[in-house]
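Overview (structure and organization)
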Amino acid sequence: MSGKKVLVVDDEIHIIHVVAIKLRSNGFEVVTASNGAQAYELACSENPDLIVTDFQMPVMDGFELVRKLREKEQTKDIPVIMLTARSFSIEQEQKEQLNISDCLGKPFSPKELLKKIEDILYQKSIAN
Amino acid sequence: MQNLIFGVLGLIPGRNFYIKGRYFSKFCRIAVMVTAIEVCVLLAVSLALWQDSGFGGGWRLAVLVGSVTAAACGSCLGWGWYKLVREIKSIAGKFGDENIDVSYVSDLQEEKQTDNAVIVKLYEAIRNRFKGKNNYIADLENQIKDLQLNIRLLQKQRLKTESIIYSVRDAIIVIDEYDKLLIANESAGKLFNFDFKNCQQRSITELIDDSRNGFVEFLRRSRKTRARHTKYELEILKGDESKIFSCIASCIHDEKNNVCGVVAVLHDVTREKEVSRMKNDFVSHVSHELKTPLASITAYSEMLLEDEAGTEEMRKEFCTVIQSQAQRLNRLIEDILNVSRIESGLVKVEKKPISLAVLIKEQTRMLKSYAEEKNITIVENELIVYDQVYADKDMISQVIVNLLSNAIKYTPAGGTVKIEAEVDEISGLSRLSVTDTGVGIPEDDIDHVFDKFYRVDANKEKAKGTGLGLNLVKQIIEKVHNGRVFVRSKVGIGSTFGFELPLAKKEVVGEKM
């Protein structure tokens, strides 16, 4: 998976930090954003292979970000993993509608997240 | 001598008219006067005749005078009788009247004591004749009096019951089986816009527009189902405000167990609904807030265990993150518990004279790094050190921290947060205020910012929070310290939050807690 670029979006600096460390140590290139709006700009300019985003964020939340990404040709196929600390899980329907690859509840295991990222990117590479 | 005897005899009938009692007094005076004149005339004539010793002429004159006297007495007697009969008739007439004058009856009883047998007999006859009737009328009169009393009592009870119904805060509407309104209280009148005091017997459909809320239909349905109680939730639009009412309709049954009406009680549950929604939001929010530091703790500890921290420095950094996030988690839990403790009155308060200026200095120092992180300047005005207040140091410190951290949280980078304390000697208060150049609070939200779990929608995304910080401030200042919190704000310009506490010397020792 080396050289694959992952955009990590969270308003919690510590979460971004820990995910970045985990991914970088496994050969990923990591770009980070602290809210949806910033992430959308980075997604357009950096063309990441995958996005890991928090759901609840200031300025623009995770849903809004994915919705905007799906509207744009350049970003509409980028796989998204959503991290959420919400007390209820994201509806399957919404997940399918927005083409969210996977959801991970907080607290999460970085190891598990890494595995999910690798799986999704692997499947994507096969599909291509 | 015979004349004298005759004359005296002639006086007897006159005496008989001397009747005790006010109705005959005038007549009696005439009778006495006539008798006196008669005595004088008789004496004068008799003496003259006696001295003349002419028996023949004297005798004739005596007879003439005697006859005149007798005639006068007789006419007096006749007049007396006439008056008496008229009086008795009038007494009899009075008995037939509904308005019996009791004092008049007692007068008659007095007359019974007179020596006039005729009057006594007549009076007794009249009394006997009307005796039964008199009792009957008295009975009737008593019954009327009882009824009047009962009516007055019932009217009083009715007014009392009505005023109870009118004063109930919930709206009450009672209709009969034909949809006619029987009673409605003030709240109902206000709710459906009708004059609640002058609407009895009017059709409920005339008074309430059912097109929006289906309330009348609900009442009819309840009556039809005959169920004792039926519950319904009603949304009523009052101006721009939507209010939610919990409506319970209860059927009224008559003695044959037929439904003869429906009583509806409408209780405003808008606030309860709001509180319930806020609680749900709070649970969702708190769980998010709890999970966020927990997520960091879990992730970093896993990294440590997996030996992902390549260097000692990194390991230390990971440990620091775990520690700070654990502390954050603890603060959040403390906040929740503090609010709950203060609300339930279980918190231990240790009040002593403290200086707000000293507390401000301490807390500002603590928050300096947080402010610097966000590139915000904290400005302290020249603080007065003698502003002693009688308060719990830890609690007031908590208040200052909450106000300061809120100000920093909602102020964009480059902004300023000013904290100042002033002493108002006249009103005996010490006032602390924190002014920021932050996002500000919309007018509609300003009255609610101290409510528990309340978060300003427009600012929700600008910073995280539990909606507990300001509520805790209010509870500590107002409930524990008998002070007052205040807020002023303008969107885009900034906010001022603060509180007033009584100066220590003015404070009366003996608090609520």
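Source: prediction; values computed, not measured.

Broken down by element type, chain A carries five helices and five strands. Order of helices (α) and strands (β) in chain A, N terminus to C terminus: β-α-β-α-β-α-β-α-β-α. A buried classification covers 39% of the 128 residues belonging to chain A. Within chain A, contacts between residues at least 6 apart in sequence are counted, and of these 62% link residues at least 24 apart.

Residue and element names in this part refer to chain B. In space, the five strands of this open sheet follow the order β2-β1-β5-β4-β3, with antiparallel pairing throughout. Looking along the sheet, the strands with just one partner apiece sit at the ends: β2 (181-184) and β3 (229-238). The average angle at which neighbouring strand axes cross in this sheet is 20 degrees, direction not considered. Pairing between β3 and strand β4 (residues 241-253): ten bridges, direction antiparallel.

With 20 residues of chain B in contact, the opposing surface of chain A contributes 19 residues. Elements supplying a minimum of two residues to the side of chain B that touches chain A: α10 (270-305) and α11 (312-344) of chain B. The biggest single contributor to the side of chain B that touches chain A is α10 of chain B, with 14 residues.

Glancing now at unusual backbone geometry. A cis amide bond links lysine 106 of chain A to the next residue, proline 107 of chain A, at an omega of -5 degrees. Phi is positive for asparagine 375 of chain B, which is not a glycine, with a value near 60 degrees. Relative to the helices and strands, asparagine 375 of chain B is located in the loop between α12 (356-373) and β7 (377-380).

A few words on the nonpolar core. Core analysis: the biggest nonpolar cluster contains 43 residues, and Val399, Leu403, Leu404, Val417 and Ile476 of chain B have the highest contact counts within it. When residues of this core are traced back to their parent elements, those giving at least two are α11, α12, β8 (388-392), α13 (393-409), β9 (416-424), β10 (429-436), α15 (469-480) and β12 (494-502) of chain B. In terms of residues, this core owes the most to one element, α13 of chain B, which gives eight residues. If we skip the residues at most four places from it in the chain, valine 399 of chain B touches Val473, Ile476, Ile477 and Phe499 of chain B. The next biggest cluster of nonpolar side chains, apart from the first, holds 39 residues, and it includes Val6, Ala39 and Leu113 of chain A together with Val321 of chain B.

Turning next to the confidence of the model for chain B. Close inspection of predicted coordinates is inappropriate in any region flagged by low pLDDT. Residue and element names in this part refer to chain B. When pLDDT is averaged across chain B, the result is 78; 70% of the residues are at 70 or more. Mean pLDDT across the elements of chain B ranges from a minimum in helix α4 (residues 102-111), with 41, to a maximum in strand β11 (residues 484-490), with 95. This model gives residues 1-25 a pLDDT under 50, and the stretch forms 46 contacts once residues within four places in sequence are excluded. Low pLDDT, under 50, characterises residues 506-513; the stretch is placed with ten contacts to residues that sit more than four places away or in other chains. Per the prediction output, this complex has pTM 0.55; the corresponding ipTM is 0.92.

Another aspect to go through is helix α2 (residues 36-46) of chain A. Residues and elements named next belong to chain A. Three or more residues of α2 are buried, namely Gly36, Ala39, Tyr40 and Ala43. With its buried residues spanning 105 degrees around the axis, α2 presents them on a single face. Seen from the open side of α2, the exposed residues pointing more than 90 degrees away from its buried face are Glu41 and Ser45. Here the buried face of α2 lies against β1 (5-9), β2 (29-33), β3 (50-54) and α3 (62-71).

Moving on, we get to the packing of helix α1 (residues 13-24) of chain A against helix α5 (residues 110-127) of chain A. All names here are of chain A. α5 packs onto α1 with a crossing angle of 55 degrees between their chain directions and a minimal axis gap of 10 Å. As far as their axial angle goes, α5 and α1 are oblique. In the packing of α1 onto α5, the handedness of the crossing is right-handed. Of the residues in α5, those in contact with Val18, Val19, Lys22 and Leu23 of α1 are Pro110, Leu113 and Leu114. Of the residues assigned to the contact of α1 with α5, the class counts are six nonpolar, no polar and one charged.

Moving on, we come to the environment of aspartate 210 of chain B. When you line up the elements, aspartate 210 of chain B lands in helix α8 (residues 210-213). If we skip the residues at most four places from it in the chain, aspartate 210 of chain B touches Thr205, Phe215, Val216 and Glu217 of chain B.

Let's shift gears to the packing of α2 of chain A against α3 of chain A. Residues and elements named next belong to chain A. Two numbers describe how α2 lies on α3: the axes approach to 9 Å, and their chain directions differ by 25 degrees. In terms of axis orientation, α2 runs roughly parallel to α3. Judged by the sense of rotation from one axis to the other, the crossing of α2 with α3 is right-handed. Contact residues: Gly36, Ala39, Tyr40 and Ala43 in α2; Gly62, Glu64, Leu65, Lys68 and Leu69 in α3. Here the residues of the contact of α2 with α3 are counted per class, giving five nonpolar, two polar and two charged.

This part takes up the sheet that holds strand β4 (residues 80-84) of chain A. Residues and elements named next belong to chain A. Strand order in the open sheet formed by five strands is β2-β1-β3-β4-β5, with parallel pairing between adjacent strands. Each edge of the open sheet is held by one strand with a lone partner, namely β2 and β5 (102-105). The sheet shows a mean angle of 20 degrees between the axes of neighbouring strands, direction not considered. Bridge count for β4 against β5 is four bridges, and the pairing is parallel.

Turning to the pairing of strand β1 (residues 171-176) of chain B, a few remarks are in order. Residue and element names in this part refer to chain B. Most of β1 is tucked away: five of the six residues are buried. When β1 meets strand β5 (residues 259-268), the two strands line up antiparallel, connected through six bridges. Note that in β5 the partner of isoleucine 175 across the bridge is valine 262.

Turning our eyes to something else, we now look at α1 of chain A. Helix length check: α1 of chain A, at twelve residues, gives a terminal C-alpha distance of 16 Å against a target of 16 Å (1.5 Å per residue), a fit within 8%. Listing the buried residues of α1 of chain A in full gives His14, Ile15, Val18, Val19, Ile21, Lys22 and Leu23 of chain A. Each element contacted by the buried residues of α1 of chain A is listed here: β1, β2, β3 and α5 of chain A together with α10 and α11 of chain B.

The rules behind these values
- Residues numbered from 1 in each chain as written.
- Chains lettered and ligands numbered in written order.
- Predicted model: local features only at pLDDT ≥ 70, side-chain atom pairs only at ≥ 80, totals over all residues.
- Helix = DSSP H or I, 4+ residues; strand = E, 2+ residues; numbered from the N terminus.
- Buried ≥ 20, exposed ≤ 12 C-beta atoms within 10 Å, placed from the backbone.
- Contact = placed C-beta atoms within 7 Å.
- Pairing = 2+ DSSP bridges.
- Axes fitted to C-alpha atoms, helices over the stretch in contact; angles between N-to-C directions.
- Core = buried A, V, L, I, M, F, W, Y, C linked by C-beta atoms within 7 Å.
- pLDDT = per-residue confidence, 0-100.
- Arc of directions from axis to C-beta.
- Parallel < 35°, antiparallel > 145°, perpendicular 65-115°, else oblique.
- Left-handed = near helix turned anticlockwise from the far one by under 90°.
- Nonpolar A, V, L, I, M, F, W, Y, C, P; charged D, E, K, R; others polar.
- Expected span 1.5 Å × (residues − 1).

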